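Coordinates in review
Read off the chains here:
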Amino acid sequence: MSAAPILELRDVCAAYGPIQALRGVSIRVAPGEIVALIGCNGAGKTTTLMTVSQVVRATAGDVTFDGCSILGVPTADVVARGLCHVPEGRRIFARLSVRENLAMGAFLVRDKALIQRRMDDAFQLFPILGERAGQLGGTLSGGEQQMLAIARALMLEPKMLLLDEPSLGLAPLIVRRIFDVIRSLRERGIAVLLVEQNAQMALRAADRAYVLETGAITHEGPALTLLDDPAIREAYLGA
Amino acid sequence: MRDRIVRLLVATLAAFLLALPVASLRGNSSTGFTIVWTPAFVTAAMVLVGGAILFAAVEAQRRGTAFWDARAATDSAVGRRRPCAAQAWTLGVLVATVAALPLLGLPGAWTKLLLETMVFATIAVGLQITIGMAGLLVLGHAAFWAVGAYTFGLLTVHQGWNFWIAFPAAGVAAALTGLVIGLPALRLRGDYLAVVTLGFGEAVRWVIKNEQDVTGGDANLPGNIVPGSFRKPMGALGEWLWQPAAVDGRTFEPGTVQALIDRECYWFALVLLVVCVACVHLLAKSRVGRALFALREDETAAKCMGIDTTRVKLVAFMASALWAGLAGVVPAVHRGSINPEMFDFNTSVLFVAMVVLGGLGSITGSIVGAALLWMLPALLANWFPEVQEYRYLFFGALMAAMMVVRPEGLFGGARRKGAA
Amino acid sequence: MLQNLWNGLVQGGIYAIVALGYTMVYGILLLINFAHGEVLMIGAYTGVATLAGCAGTGAMEAVGFMPCLAMAIIGATCVSAAYGFAIERAVYRPLRGAPSLSPLIGAIGVSMVLQNYVMRTQGASPIYAPMSHPAYVASLGASNWDIGPVSIAPLDLVVLVVCVALMAGLWMFVQRTRTGTAMRATSQDRVMAGLVGIDVNRVISVTFVIGSALAAVAGVLLALFNTQAKYDMGFTSGMKAFTAAVLGGIGNVPGAMLGGVLLGVAEAVGIQLLGAEYKEVYSFVILLAVLIVRPKGILGERVAEKV
């Protein structure tokens, strides 16, 4: 952890009206590192990601990406700097074809040949998407939609991905496939901040992890250490 | 601050440029193009002044908000309410004063103006049920007013019905019309209702215009001279409640008749307004009222709580229409004539503007809104006759500005929008 | 009868291009843009003033009617687009995210302001297009062609050709271009569109500009059709175009085109069967009927969405 972090949150607070959702969250992610953020419902995991991609404005603290503060930068510009967000529930453009969905992922790329090359890469990573290229996004199954959502984010060749609940509502076999892909991102040098309810899966895939409780970080450390921590095991792993 | 001034200057310049082709440029097929500079400059000046006022208002509000919020918070925390008895007394004295005004020698013009204001206030308070409580925008409310007025007029003039039967009939007719329009429209998203009621308002106006034989078309209701039967009371009680001014046979000096009619209609309008306010107030406190507020905040959640949303909306919509219908009786009697142009789209928007200005959900607000929007232009017109012509321009601007700056209206804010 | 249907078809073409503006804005913002009809009216005023001015300066005699018409349409398009852009910036953008009643009331306010503004500055009486000018008579004022029982005016053909061209152009734009796809993506999920790097505010501005430009063309054509422009023309045509959009399925671009044409024809049939006095009421009755029978419209919601 000596390298300069690619993403750093320093004492970030956020609120919805009178409700304080985050109370001073600090997270560091090194380049190429997979970091898991686990916690219960309503702990503020999704809000954390939203404040990073500037969909929700932080009320205090600072968010730096790649060395500069991105606080208050429009979401589109955050994406342009190489930080892609795959939100909860996948949010595929249902009435756009798979190919158009991927093209939207590369909205900021203007070179058509480059888009085509990356699209071919995506079809190689997820062959099923290649078979369905002309189909509308809304007609895909849940697992296929999740793959499309990740593939769409990768179209920009980002430096970092924010993944929100990629396993939500998917069959175990599909979940394993998705996590294989997430692990493979490490080889491509893409850092990942992974939010998960499925703590077991997340901790096995991640290098390090943070535990979020009612808007504050309560534990942090190497993922495997947390996996063995009795308190964590009891609270989040059901063992 | 600097940022604001720059923005205001940009807006002023933009307004000038936008005004040029539309307001200043004239094309004439014999003389070619001419440019009349005045309107563009006036527009830019208006935007500059209006914008400055807006900024000042926003600034004042931002400073004031902290105070108001703190007070509201402590009020609700302690469960404090203004003493009820004192409130009732104030209200009673106010109503008594207004009722006594004509006896204290209020000039005729004022009586007329106050009377009209009370009619509009009744309609605005009724409209509060749909817009303020249920959160449904109605853009054809003038049509219910028209249905009430014409039902009353036709029943009395053509059928010779007694006032006390025709009066409730006007309200019922309006409410039933509301049912017919509401049934298809209320099952859908709220904004469809806005358009459907808008179309309905126009349709009603066209029907009145086209059915010449019955309604008198563009002219007034045929036989617009109020006949004796129009005002014949029902027995002793009616005699006492509604003392006809021009009852058969009695003779008056010219001018006195109008004064008497003015005065009686004034009291009638006042009673109607008071009853309306009481009913709407009770409705707001009732089970149905709470269901309406729930509906406004979150329709899906309300549905899940077991509220039959369509039915509740329909009740609200019909209650609103009922009050507009009843209020329609007053101009019919007072003016002795009605014509379709009184009930056009502008009038519907005027009602909405009254509710919006006063504050969504606030009864006091609606009354104040009606008073401001109806009396102020009329009074200003005494000195600046052109005020009346620019009224609707101003109303529109006011509505848009109000939404941007203070969506809760003058008297709203009791129920703030919650967390995002 | 056939004559009436033909007239209805031409009228319907105009409704369709106005309906496109409603449907595109509704698709993205879920807002009924009440000021859309007024934007059309402003386009009509600009267009008619340009035509009249051209006639007055002698330009029309020099170059003929059609170039002047083209100029009028271009001028109207620019002015209306500027208005559409400004309205969105000044009123709708600050109200983004407010409870749904607020933008709706704001839209009514804008519509009132524009209508009364034009009435005050240009006068309450209509301004007339130079339809008796020799250049007009020589080009579009020529006598009608009779095909069987139907008599086709040259103006009808111009209107239809322009409408079809605009619709085809818009269709290509929405389906094939990057910005068009971004528009469709934004209308499906605004937050997600932001997360893939689409500048949502820009997309919305583009939507307003395109919708307003279409309305301006419709306004000029409508003014030629009626030989005049009047301050309240946007109100009625706006209402009808909105009906057309609902009829086709609001938020759906081909639906708006279909709805417009159908509404025009239905209105013509209504006039044929029931008389012209209730011309203004038919569209409202159709709107009610659609809402009762099939609220999502003819082409609404073609794909079932998975959650």
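Here, the structure is the one placed above.
A brief look at the structure comes next. (Residues numbered from 1 in each chain as written. Chains lettered and ligands numbered in written order. Predicted model: local features only at pLDDT ≥ 70, side-chain atom pairs only at ≥ 80, totals over all residues. Heavy atoms only, no water.)

**Points about the overall build of chain C**
Check the secondary structure of chain C and you find 13 helices and four strands. For 307 residues, the compact-globule formula gives about 19 Å, and the C-alpha radius of gyration of chain C, at 19 Å, lands near that figure. Over its C-alpha atoms, taken along the principal directions, chain C stretches across nearly 60 × 40 × 35 Å. Expressed as a percentage of the 307 residues in chain C, the buried residues total 62%. In chain C, the proportion of contacts linking residues at least 24 apart, taken out of those at least 6 apart, comes to 76%. Of the accessible surface of chain C, which amounts to about 10,700 Å², a share of 66% is contributed by carbon and sulfur atoms. Considering chain C, the positive charge centre built from 16 side chains and the negative charge centre built from 13 side chains are found 12 Å apart. (Helix = DSSP H or I, 4+ residues; strand = E, 2+ residues; numbered from the N terminus. Rg over C-alpha atoms; globule rule 2.2 N^0.38 Å. Buried < 20%, exposed > 50% of the residue type's maximum accessible area, 1.4 Å probe, protein only. Contact = heavy atoms within 4.5 Å. Areas by Shrake-Rupley, 256 points an atom, 1.4 Å probe, with all protein chains shown as cover. Lys, Arg positive; Asp, Glu negative; His and termini not counted. Charge placed at Lys NZ, Arg CZ, Asp CG, Glu CD.)

**Points about the side chain of T177 of chain B**
Residues and elements named next belong to chain B. By secondary structure assignment, the location of T177 is in helix α6 (residues 163-185). There is a polar contact of 2.5 Å between the side chain of T177 and the backbone oxygen of A173. Discounting residues that sit within four places of it in the chain, T177 has contacts with F144, V147 and F200. (Polar contact = N/O pair within 3.5 Å; in protein donor to acceptor, adjacent residues only side chain to side chain.)

**Brief notes about unusual backbone geometry**
The phi torsion of most residues other than glycine is negative, and most of the peptide bonds are trans. All names here are of chain C. A positive phi angle is found at L30, which is not glycine, with a value near 55 degrees. Looking at the secondary structure, you find L30 in the loop between α1 (2-29) and α2 (36-57). Classification of L30 by relative accessible area gives partly exposed; the value is 46%. In this structure, T227 is a non-glycine residue whose phi angle is positive, near 65 degrees. By the secondary structure assignment, T227 is in the loop between α10 (200-226) and β4 (228-229).

**Re α10 of chain C**
For α10 of chain C, built from 27 residues, the straight-helix expectation of 39 Å at 1.5 Å per residue is met to within 8% by its first-to-last C-alpha distance of 38 Å. Downstream of α10 of chain C by a residue or two, T227 of chain C has a phi angle that is positive, lying close to 65 degrees. (Expected span 1.5 Å × (residues − 1).)

**What to know about the environment of V253 of chain C**
Residue and element names in this part refer to chain C. Within the secondary structure, V253 sits in helix α12 (residues 253-274). The exposure class of V253 is buried, given its relative accessible area of 11%. In this structure the C-alpha to C-alpha distance between V253 and F284, which are 31 residues apart in sequence, comes to 21 Å. Apart from the residues lying within four places of it in its own chain, the contact partners of V253 are L20, T23, M24, L170 and W171.

**Quick notes on the side chain of T64 of chain A**
Summarising the element assignment, T64 of chain A is placed in strand β4 (residues 60-65). Those residues in contact with T64 of chain A, other than ones at most four positions away along the chain, are I6, L7, E8, R10, S69 and I70 of chain A.

**A look at the interface of chain B and chain C**
Quoted interface sizes are often the accessible area lost when the parts come together. In this complex, chain B contributes 57 residues to the contact, which on the side of chain C involves 53 residues. Buried area between chain B and chain C, summed over both chains or domains, comes out near 4,900 Å², and the portion from carbon and sulfur atoms is 76%. Scanning the region where chain B abuts chain C turns up one salt bridge. Where R120 of chain C meets E389 of chain B, a salt bridge forms, and the shortest distance between an N and an O atom there is 3.3 Å. Linking chain B to chain C there are eight residue pairs in polar contact (both at pLDDT 80 or more). Elements with a contribution of two residues or more to the side of chain B that touches chain C: α1 (2-24), β1 (25-28), β2 (32-35), α2 (37-78), α6, α7 (190-210), α14 (345-358) and α16 (387-405) of chain B. Among the elements that make up the side of chain B that touches chain C, the one with the highest residue count is α7 of chain B (13 residues). Across the side of chain B that touches chain C, the residue classes tally to 37 nonpolar, 12 polar and eight charged. (Buried area = accessible area lost by both parts, 1.4 Å probe. Salt bridge = Lys/Arg side-chain N within 4 Å of Asp/Glu carboxyl O. Nonpolar A, V, L, I, M, F, W, Y, C, P; charged D, E, K, R; others polar.)

**Here we look at the sheet that holds strand β2 (residues 19-29) of chain A**
All names here are of chain A. Spatially, four strands are ordered β2-β1-β4-β5 in an open sheet, and the strand pairing comes out antiparallel. The sheet is open, and its two borders are formed by β2 and β5 (68-69), each paired with just one other strand. Sheet analysis places β4 next to β5, joined by two bridges and oriented antiparallel. Across the sheet, residue F65 finds its bridge partner in β5, namely C68. (Pairing = 2+ DSSP bridges.)

**Observations regarding the packing of α1 of chain C against helix α11 (residues 233-248) of chain C**
In a pair of packed helices, the angle between the axes and the distance between the axes together describe the arrangement. Residues and elements named next belong to chain C. Direction vectors running N to C along α1 and α11 enclose 75 degrees, while the axes themselves pass 8 Å from each other. For the element pair α1 / α11, the angle class is roughly perpendicular. On the side of α1, the interface is formed by Y15, V18, A19, Y22 and T23, while α11 contributes G238, M239, K240, A241, F242, A244 and A245. Taken together, the residues of the contact of α1 with α11 break down into nine nonpolar, two polar and one charged. (Axes fitted to C-alpha atoms, helices over the stretch in contact; angles between N-to-C directions. Parallel < 35°, antiparallel > 145°, perpendicular 65-115°, else oblique.)

**A look at empty space enclosed by the protein**
All chains considered together, the criterion is met by seven cavities of 30 Å³ or more. Each pocket or cavity is described by its volume, and for the largest cavity that value is around 130 Å³. In this structure, the largest cavity is lined by 14 residues; those nearest its centre are L198 of chain B together with Y22, F34, G238 and M239 of chain C. Mapped by element, the contributors of at least two residues to the lining of the largest cavity are α7 of chain B together with α2 and α11 of chain C. A per-element tally of the lining of the largest cavity places α11 of chain C first, with five residues. A per-class count over the lining of the largest cavity returns nine nonpolar, four polar and one charged. In this structure, the second largest cavity encloses a volume near 90 Å³. In this structure, the second largest cavity is lined by G199, E202, A203 and W206 of chain B together with F235, T236, M239, K240, E280, S283 and F284 of chain C. (1 Å grid on protein atoms, 1.4 Å probe; cavity = no way out; pocket = protein on both sides within 12 Å on 5 of 7 lines; lining within 4 Å. Points joined across faces, edges and corners; volume = space filled by probe spheres on them.)

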